[in-house]
Amino acid sequence: MRHPIVTIMVAMAVLVTAGCGFNLRGTTNVPHDLNTLILDTPDPYGPMTRAVRSQLRQSGVTIVDSSTVDEKTLKSTPSLRLGGASSFRDTVSIFQNGTTAEYQMVMQSSAQVMLPGKGIYNINAKVFRSFFDNPLTALAKDAEEDMLYQEMREQLAQQLVRKLITVQTTEQPENESDEQPATPAHGAVTVQ
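Reading the values: the criteria
- Residues numbered from 1 in each chain as written.
- Predicted model: local features only at pLDDT ≥ 70, side-chain atom pairs only at ≥ 80, totals over all residues.
- Heavy atoms only, no water.
- UniProt positions renumbered as here; feature names shortened; annotations may be inferred.
- Helix = DSSP H or I, 4+ residues; strand = E, 2+ residues; numbered from the N terminus.
- Expected span 1.5 Å × (residues − 1).
- Buried < 20%, exposed > 50% of the residue type's maximum accessible area, 1.4 Å probe, protein only.
- Arc of directions from axis to C-beta.
- Contact = heavy atoms within 4.5 Å.
- Phe/Tyr/Trp six-rings, centres within 6.5 Å; stacked < 30°, edge-to-face > 60°.
- Lys NZ or Arg CZ within 6 Å of the ring centre and 35° of its normal.
- Axes fitted to C-alpha atoms, helices over the stretch in contact; angles between N-to-C directions.
- Parallel < 35°, antiparallel > 145°, perpendicular 65-115°, else oblique.
- Left-handed = near helix turned anticlockwise from the far one by under 90°.
- Nonpolar A, V, L, I, M, F, W, Y, C, P; charged D, E, K, R; others polar.
- Salt bridge = Lys/Arg side-chain N within 4 Å of Asp/Glu carboxyl O.
- Pairing = 2+ DSSP bridges.

As annotated in an unreviewed UniProt entry, the chain is LPS-assembly lipoprotein LptE from Limnobaculum eriocheiris. Looking at the chain in UniProt, the text filed under Sequence similarities (unreviewed entry) is "Belongs to the LptE lipoprotein family." Quoted straight from UniProt, the Subunit (unreviewed entry) entry for the chain says "Component of the lipopolysaccharide transport and assembly complex. Interacts with LptD."

Student: Hey, could you run me through helix 2 (residues 47–58) in this one?
Tutor: For the α-helix, the turn length of 3.6 residues means that residues three or four positions removed from each other point alike. Compared with an ideal rise of 1.5 Å per residue, which puts twelve residues at 16 Å, helix 2 spans 17 Å between its outermost C-alpha atoms and is within 8% of the ideal. Those residues of helix 2 that sit buried are Met48, Thr49, Ala51, Val52, Gln55 and Leu56. What you see down the axis of helix 2 is that its buried residues fit within an arc of 160 degrees, all on one side. Where helix 2 is buried, its residues contact strand 1 (36–40), strand 2 (62–64), strand 3 (79–94), strand 4 (100–115) and helix 4 (138–162). In the segment just after helix 2, glycine 60 is the residue with positive phi, at about 85 degrees.

Student: Help me out: how do you make sense of the packing of aromatic side chains in this one?
Tutor: Within a pair of aromatic rings, the relevant descriptors are the distance that separates the centres and the angle that separates the planes. This structure, assessed with the given rule, holds one aromatic pair. Between the aromatic rings of phenylalanine 95 and phenylalanine 132, the centroid separation amounts to 6.0 Å while the plane-to-plane angle is 80 degrees, which identifies the pairing as edge-to-face. Note that phenylalanine 95 is positioned in the loop between strand 3 and strand 4 and phenylalanine 132 in strand 5 (residues 119–132), a separation of 37 residues in sequence. Here the guanidinium or amino end of arginine 89 rests over the ring plane of tyrosine 103, the centre of that ring lying 4.0 Å away.

Student: Hey, could you run me through the packing of helix 2 against helix 4 in this one?
Tutor: In a packed pair of helices, the relevant descriptors are the angle between the two axes and the axis-to-axis distance. Running from N to C, helix 2 and helix 4 point in directions that differ by 50 degrees, and their axes come no closer than 8 Å. As summarised for this structure, helix 2 and helix 4 are arranged oblique, according to the angle between their axes. The chirality of how helix 2 crosses helix 4 is right-handed. Contact residues: Pro47, Met48, Ala51, Val52, Gln55 and Leu56 in helix 2; Arg153, Glu154, Leu156, Ala157, Gln158, Leu160 and Val161 in helix 4. Looking at the contact of helix 2 with helix 4, its residues break down into nine nonpolar, two polar and two charged.

Student: In this structure, what is going on with the pattern of salt bridges? I would like to understand it.
Tutor: Charged atoms that come close allow side chains of opposite charge to pair. Applying the stated rule across the entire model yields three salt bridges. Of the charged contacts, one joins arginine 81 and aspartate 40 as a salt bridge, the two residues approaching to 3.0 Å between their closest N and O atoms. Highlighted residues: arginine 81 in strand 3 and aspartate 40 in strand 1, separated in sequence by 41 residues. Judged by relative accessible area, which is 37%, arginine 81 ranks as partly exposed. The exposure class assigned to aspartate 40 is partly exposed, which follows from its relative accessible area of 30%. Across the salt bridge formed by glutamate 145 and arginine 89, the nearest N and O atoms sit 2.7 Å from each other. Remark: arginine 89 occurs in strand 3 and glutamate 145 occurs in helix 4; sequence separation between them is 56 residues. Take arginine 89: its relative accessible area is 36%, and that puts it in the partly exposed class.

Student: Explain the pairing of strand 4 here, please?
Tutor: A regular strand places its side chains so that they alternate between the two faces of the sheet. Sheet topology places strand 3 next to strand 4; 13 bridges connect them, and they run antiparallel. If you follow threonine 91 over to strand 4, its bridge partner there is tyrosine 103. In this structure, the hairpin formed by strand 3 and strand 4 is closed by a connection of five residues, where glycine 98 is found at a positive phi of approximately 95 degrees. As defined by bridge partners, strand 4 adjoins strand 5 across 14 bridges and the pair is classed as antiparallel. If you follow serine 109 over to strand 5, its bridge partner there is alanine 125. Where strand 4 folds back on strand 5, the antiparallel hairpin that results is connected by three residues, among which glycine 117 adopts a positive phi of roughly 80 degrees.

Laid out in structure tokens, this is it:
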């Protein structure tokens, strides 16, 4: 008698989570128009580019190599152009002797999504972390700081890929006598 009730409860849980838009962690439902795109970056093998490429692949996006496609495909494929990632740290607290006790680490990045015939859309992301600077563990703090920067890059890449959802990818209506052409979303620049 207990087995059918458990089966019904599990089936209900699956139906509820399927209907609410639940996704596995680390995946993003990228708009259909952006399922295939060109990843353009000044540092193709850098850690930030690798993190963004990994997030795009986890989200089911096909990344096209711009050097291997013909000119027609190149002009019709959306492009994600990564800007540089910058990081800095500010002192949050100090020890009694005046040396820094805690830092706030900040990493930020910007990107542009270029949709052929629709516009250029700017997206930005910023990540914060706290770091306790213990002078007694010099080697351990360097390793911890490197790990924090790697985690921040991954989180920054997740934010950039998540923000692809905000890019307006709807088709513009045909120019008819009674319709006005659609305007790009806030912050977009139209490309002719």
